[in-house]
Amino acid sequence: MIKTDLISKTISFVKAKLETAEGGHDWFHIERVYRNAILISKNEVCNTVVVQLGALLHDIADSKFHPDASGGDETVGPKIAREFLESEEVDDETISHVVNIIENISFKGGNFEKKFSSIELNIVQDADRLDAIGAIGIARMFNYGGFKNRVIYDPKIAPNLKMTREEYKKSSSPTINHFYEKLFLLKDKMNTETGKEIAKDRHRYMEGFLSQFYAEWEGEK
């Protein structure tokens with residue numbers, strides 16, 4: 001049986017865990033994804049507890065910040081989430097579902113096939129992808145690029161649209177390239193009708209931003 005205060009405890013746990021996280025993957029990112037997930041779930045038949053837990057715990061330990069030989073240890077997040085949920089005596093079925101969401105949510109260069117499927121995963125994945133596009137997506141992209149000390153743009157370095165999963169994880173390409181390597185691809189990868197509709201507007205906003213960016217770069221405006 002799910003405890004009535006489980007969600008509030010999870011929120012407190014995530015806030016404390018991500019207190020010093022990089023700005024694009026901190027508590028405020030989680031909060032936005034959580035809100036997006038709740039919004040999308042209103043139009044779907046789903047387990048709302050799993051959706052909320054999946055959204056709150058999906059980035060509890062992003063592999064980008066836990067480097068290993070492959071470019072990021074993807075086992076840390078699921079492990080931390082499982083241990084927390086077990087400590088709260090959550091049932092095995094719910095824990096397994098949430099862990100599966102965490103393990104299958106990431107973009108990974110667009111070359112990652114999900115090994116698990118559920119409407120709850122679809123909802124949380126759309127909620128997370130919405131936070132990667134639009135105005136906030138652009139802000140997060142430049143924040144992470146600065147965090148990694150990457151150049152903003154280099155016309156001589158073309159985007160790599162055929163990266164393997166490992167290449168994507170290790171990429172150090174200019175920040176602007178990320179529009180083509182990930183952000184512009186997300187609109188057509190949304191799962192839910194609500195996600196698709198919201199993504200259209202955010203996609204158009206990014207196109208306008210990039211057009212203005214290039215004009216300014218070339219001294220045209």
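Residues numbered from 1 in each chain as written. Predicted model: local features only at pLDDT ≥ 70, side-chain atom pairs only at ≥ 80, totals over all residues. Heavy atoms only, no water.

Visitor: Please clarify how the nonpolar core should be interpreted in this entry.
Guide: Core analysis: the largest hydrophobic core is formed by 53 residues, its most contacted members being Val14, Leu57, Leu85 and Phe179. Breaking this core down by element, the ones donating at least two residues are helix H1 (6-17), helix H2 (27-41), helix H3 (48-57), helix H4 (76-87), helix H5 (92-104), helix H6 (119-130), helix H7 (134-147) and helix H10 (193-217). Once residues lying within four places of it in the same chain are set aside, the contact partners of Leu85 are Leu53, Leu57, Val90, Ile95 and Val98. (Core = buried A, V, L, I, M, F, W, Y, C linked by side-chain atoms within 4.5 Å. Buried < 20%, exposed > 50% of the residue type's maximum accessible area, 1.4 Å probe, protein only. Helix = DSSP H or I, 4+ residues; strand = E, 2+ residues; numbered from the N terminus. Contact = heavy atoms within 4.5 Å.)

Visitor: What am I meant to see in the packing of aromatic side chains here?
Guide: Geometry of an aromatic ring pair is reported as the spacing of the ring centres plus the angle between the planes. Enumeration according to the criterion identifies 12 aromatic pairs in this entry. Arranged with centres 5.6 Å apart and planes meeting at 75°, the rings of Tyr180 and Phe184 form a pair that is edge-to-face. Tyr180 gets classed as partly exposed once you look at its relative accessible area, which sits at 27%. A connected cluster of aromatic rings, assembled from ring pairs, spans Phe142, Tyr153, Phe179, Tyr180, Phe184, Phe209, Phe213, Tyr214 and Trp217. (Phe/Tyr/Trp six-rings, centres within 6.5 Å; stacked < 30°, edge-to-face > 60°.)

Visitor: Is there a simple way to explain the environment of Ser117 in this structure?
Guide: By secondary structure assignment, the location of Ser117 is in the loop between H5 and H6. Classification of Ser117 as exposed rests on a relative accessible area of 61%. Residues Ser117 and Asn104, 13 residues apart in the sequence, show an inter-C-alpha distance of 8.5 Å.

Visitor: Please clarify how the packing of H1 against H2 should be interpreted in this entry.
Guide: Helix-helix packing is characterised by the crossing angle of the two axes and by the distance between the axes. Two numbers describe how H1 lies on H2: the axes approach to 9 Å, and their chain directions differ by 150°. Considering the angle they form, H1 stands roughly antiparallel to H2. At the point where H1 passes H2, the crossing takes the right-handed sense. Across the interface between the two elements, Ile7, Ile11, Val14 and Lys15 from H1 touch Trp27, Ile30 and Tyr34 from H2. Classifying every residue of the contact of H1 with H2 gives 6 nonpolar, no polar and 1 charged. (Axes fitted to C-alpha atoms, helices over the stretch in contact; angles between N-to-C directions. Parallel < 35°, antiparallel > 145°, perpendicular 65-115°, else oblique. Left-handed = near helix turned anticlockwise from the far one by under 90°. Nonpolar A, V, L, I, M, F, W, Y, C, P; charged D, E, K, R; others polar.)

Visitor: Would you explain H3 in this entry?
Guide: Because an α-helix packs 3.6 residues into every turn, residues spaced three or four apart end up facing the same way. In terms of burial, H3 is a largely internal element, 8 of the 10 residues being buried. Within the sequence span of H3, burial applies to Val50, Val51, Gln52, Leu53, Gly54, Ala55, Leu56 and Leu57. Buried positions along H3 lie against H1, H2, H4, H5 and H6. If you check the start of H3, you find a side-chain oxygen 3.1 Å away from the backbone N of Val49, and it comes from Asn47. (Polar contact = N/O pair within 3.5 Å; in protein donor to acceptor, adjacent residues only side chain to side chain.)

Visitor: Teacher, can you tell me more about unusual backbone geometry here?
Guide: Leaving glycine aside, a negative phi is the common case for residues, and trans is the common case for peptide bonds. If you check the backbone angles, Glu89 has positive phi at about 60° while not being a glycine. Following the sequence through the fold, Glu89 ends up in the loop between H4 and H5. Positive phi, close to 60°, is recorded for Asn149, a residue that is not glycine. For Asn149, a relative accessible area of 71% gives the class exposed.

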